[in-house]
Amino acid sequence: VHPDDLSSVNTALEQYLFGNTPVYKVEFRMRSYKGDWKWIESCGKIFDYNERAEPLRLTGTHKDITEQKTLERTLAIHQAR
């Protein structure tokens, strides 16, 4: 995870695990195996709890949204002009 995004990723996960948000969904940059940065959309859901109603297992996905982020940035630049 990109150092600038680490705090927001941790906060989103903590908020979800403690029941303060109904869903876990966050966007952040992650270094690819080639060394470049990709934008990722991460979504998750708790699907198992222990006897104290604490999260036990979470499942989720990571989706590469780099192209979408590039298009959004390009559009914002054009709109600013």
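It should be noted that the structure appears before, not after, this text.
Remember, it's a predicted structure, so these values are computed and weren't measured experimentally.

A. Examining the pairing of strand S1 (residues 24–31) more closely. Pairing geometry for S1 and strand S2 (residues 37–49), over 8 bridges, is antiparallel. Residue Tyr24 lies in a different strand from S2, and its bridge partner there is Gly44. A loop of 5 residues connects S1 with S2, the two strands running antiparallel in sequence, and Gly35 in this loop sits at a positive phi of about 100°.

B. Broad picture of the side chain of Thr66. Relative to the elements of secondary structure, Thr66 occurs in helix H2 (residues 66–80). Reaching out from Thr66, the side chain makes a polar contact with the backbone nitrogen of Trp39 at a distance of 2.9 Å. At a separation of 2.6 Å, a polar atom in the side chain of Thr66 contacts the side chain of Asp64. Apart from the residues within four sequence positions on either side, Thr66 is in contact with Lys38 and Trp39.

C. Broad picture of the packing of aromatic side chains. Considering all chains together, one arrives at 1 aromatic pair under this definition. With a centroid separation of 6.4 Å and 40° between ring planes, the pair formed by Tyr16 and Tyr24 is classed as tilted. Exposure class is identical for Tyr16 and Tyr24. Each is buried. Its end group placed over the ring of Trp39, Lys69 keeps NZ or CZ at 4.7 Å from the ring centre.

Reading the values: the criteria
- Residues numbered from 1 in each chain as written.
- Predicted model: local features only at pLDDT ≥ 70, side-chain atom pairs only at ≥ 80, totals over all residues.
- Heavy atoms only, no water.
- Pairing = 2+ DSSP bridges.
- Helix = DSSP H or I, 4+ residues; strand = E, 2+ residues; numbered from the N terminus.
- Polar contact = N/O pair within 3.5 Å; in protein donor to acceptor, adjacent residues only side chain to side chain.
- Contact = heavy atoms within 4.5 Å.
- Phe/Tyr/Trp six-rings, centres within 6.5 Å; stacked < 30°, edge-to-face > 60°.
- Buried < 20%, exposed > 50% of the residue type's maximum accessible area, 1.4 Å probe, protein only.
- Lys NZ or Arg CZ within 6 Å of the ring centre and 35° of its normal.

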